[in-house]
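# Overview (structure and organization)
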Amino acid sequence: MTPHPTATPDLAVTTDGLTKRFGDFTAVDHIDLEVRAGTVVSLLGPNGAGKTTTVRMLATLTAPTSGTATVLGHDVATDGDAVRSLISLTGQFAALEDNLTGRENLVLMARLRGYRRPAALRVADALIDRFDIGEFRDKLVKDVSGGQRRRVDLAASLVTPPKLLVLDEPTTGLDPRSRQVVWATINELVAEGVTLLLTTQYLDEADALADHIVLIDHGQAVASGTPSDLKARIGDLRVDVVTVDAADVGALVTALAPTFDVTVAPTGRMVSIPAPEEAADLARVATAVRASGIAVDEVALRRPTLDDAFLALTGQPATDPDADPTGSTPSLELAS
Amino acid sequence: MTATLAPTHPTDPGSGGTLAEPLPPRPGAFARYVRETALLVGRSLRTIPRVPERLSDVTIQPIIFTLLFLYVFGSAIHIPGMRYQDYLLPGLIGQSLAFGIIGAGVATANDFSTGVVDRFRSLPVNPLSVISAQVIGQILEQVLGLVIVLSIGLALGWRPDLDLGGAAALAGLVLLGLFAFTWFGVLLGMLIGNADAMQGIGFAVVFPLSFLAGTFVPIAGMKAVPRAIGEWDPLAAFVAGVRELCTGVGAHGSWQLEHPIPAMVGWCALIIAVCVPLALRRFRRAD
């Protein structure tokens, strides 16, 4: 394990063998991570992969079982108060007070950060303008829509300029339009130079927002790279072929394998083929399938999912509880 | 709806001016603690009018119990040498305190499960402020409930035989009990961590204990098993102590019933000595 240059000022986050166990369950298993100042890093993985636990340790809400984590030069275990004054987080585990209005929540957060009342009101009102909260600022948070709530949530995490912003699944559960709004807000923050650590279950979200993606599964970092690196390895679009009879999958693979890079999905009736040339590849696969004479339910072109990413990058489906990514922890040195 | 969802694209870079508001210098640790605690108590109080039903435990419930026992069950209960009002009110005060355990637990479990406590903990705020605010907010709610119980009692003919010293002793005993029971409730709420479970467990344990404590009928008249429990129920010492202060009539049975005030102070000291450090540790133990 190479020692991390924790004193380097341009590293916002470094972790070294960061591990969290709850009884027999290892939620986070020796994660080494670096987030360079001014970049956006996304922890991408399915539910239960250990993303939230990792972020909670960085935010000093959970103590690591072993390993170290340093945020902006401060150790989370020994210097928690300094960490808390420099970072800001929002997401599934850091909620708003439901029975206060959006504005009251923002004023409370500003005052807890140390502003006196008049300054706190100015800060809150500026955030209300900036995040377009005006229309529902005096509604109780429990009565606003999910998208509106996330905006108040984001605003609440910006009452003081954080050196590191941590967003835990900022769009999980949002409708597509609210998701776009949250993305737009995040992109603005990034344009202003905020260092952002983002967790998500959505490949497209990591792709759209992050400079660097770390795939997490079963508490381990199983792959990492820039979005274009990873996409090059996953393949952009894919053609899926679903057979009528599961028994035909073998024959289908035999028929297609000489021409295409075929992956068999864990569902048993489906094979999947990268389609860098999109419709042209779809047509070629369809022709080959017809020529094989095997009965199929579906031949379809689709965007890669998180499962495809895990299959392509680790050879294991993300959802398989027995998956055992045995590869040594990949280097997480970030591309700048 | 479209309008609400449209993102703003601030055209002037001065929108970053939001972040330019200078923070005043950080006061000393104690001043910060007082300030943060006051802010967080303010947050709890401010939410009360938004969810008035949450207060029903300390408002409607004691009124119902008072009326129910005074006018329904009380008609069949005869306490030698005492009007039932004078017997009942100390019991109701005790029961309010016991139900306060459930209230504090439910509120704490709720705050912990919704993540709002995590938000506070992620700020540069003293953890002790967060938990102090929880305890103070709960005590204020319980005091409101007690004021209602005492008022309705006085309106319906309760006449405590108290001089100034006796009233001060009563107030002191009640506040000590409130403090101890609230910490117990906050600890339970943190340990259980789920408001519904807390409610269920609270009613399964606290509710029966609050009835066995000589609250509504004398412990001496109960069957052997409930009598044995009641004689050593901490709440029984409290109820007997309040009753002795208000009526001058003591209870008989166990040591704690015959020396209710030292017993109550002892119980409270024990509860505080156990629950406060455990609650603080549980709160600080970050997981």
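Summarised in this report is the structure supplied together with it.

Calculation criteria
Starting afresh in each chain, residues are numbered from 1 along the sequence in its written order. Note on labels: chains are lettered from A, ligands numbered from 1, in written order. Residues qualify for local features only when their pLDDT is at least 70, as the model is predicted, and side-chain atom pairs are given and counted only at 80 or more; totals for whole chains, interfaces and linings, by contrast, use all residues. Note that the side-chain values use all heavy atoms of the structure and ignore hydrogens as well as water. At least two bridges found by DSSP between two strands is the condition for calling them paired. Strands are runs of DSSP state E lasting at least two residues, helices are runs of H or I lasting at least four, and both sets are numbered from the N terminus onward. Any two residues having at least one pair of non-hydrogen atoms within 4.5 Å are treated as being in contact. Each axis is a line fitted through C-alpha atoms, and for a helix only the stretch in contact is used; angles between axes span 0 to 180 degrees, taken between their N-to-C directions. Classification of ring pairs uses Phe, Tyr and Trp, with its six-membered ring standing for Trp, and accepts pairs whose centres are within 6.5 Å; under 30 degrees between planes counts as stacked, over 60 as edge-to-face, and the remaining range as tilted. Residue burial is assigned from relative accessible area. The probe radius is 1.4 Å, only protein chains are included, and a residue is buried under 20% of its type maximum, exposed over 50%, and partly exposed in between. The criterion for a charge sitting over a ring is simple: Lys NZ or Arg CZ within 6 Å of the ring centre, and within 35 degrees of the ring normal.

Residue and element names in this part refer to chain A. The strand order S12-S13-S11-S14 describes an open sheet built from four strands, whose pairing is antiparallel. In this open sheet, the two strands that pair with only one neighbour each are strand S12 (263–264) and strand S14 (296–302). Note: strand S11 (residues 238–243) against S14, six bridges, orientation antiparallel. Note on S14: the bridge partner recorded for Arg238 is Arg302.

As for its position among the elements, Thr185 of chain A is in helix H6 (residues 176–191). In contact with Thr185 of chain A, not counting residues within four places along its chain, are Phe131 and Leu154 of chain A.

Hydrogen bonds along the backbone pair up the strands of a sheet, which may run parallel or antiparallel. All names here are of chain A. Taken together, six strands build an open sheet; the order of strands is S6-S7-S8-S3-S9-S10 and the sheet is mixed. Of all strands in the sheet, those with a lone pairing partner are strand S6 (87–91) and strand S10 (220–225), marking the two edges. Mean inter-strand twist for the sheet, computed between neighbouring axes without regard to direction, equals 15°. Bridge analysis of S6 against strand S7 (residues 164–168) gives five bridges, and the strand direction is parallel.

Okay, the packing of aromatic side chains next. Residues and elements named next belong to chain B. Under the criterion given, the structure shown has 17 aromatic pairs over all chains. For the pair Phe65 and Phe216, a centre-to-centre distance of 6.5 Å together with 15° between the ring planes defines the contact as stacked. One end of the pair, Phe65, is in helix H3 (residues 60–72); the other, Phe216, is in the loop between helix H8 (195–212) and helix H9 (224–232), and 151 residues separate them in sequence. Side by side, Phe65 and Phe216 carry an identical accessibility label, which is buried. On the basis of an interplanar angle of 50° and a centroid distance of 5.4 Å, the ring pair of Phe203 and Phe207 is categorised as tilted. Here Phe207 and Phe203 lie together in helix H8, a separation of four residues that amounts to about one turn. Its relative accessible area of 28% is what places Phe207 among the partly exposed residues. A cation sits over an aromatic face here: Arg121 above Phe283, 5.5 Å from the ring centre. Geometry around Tyr87 places Arg243 over its ring, the cationic atom sitting 3.5 Å from the centre.

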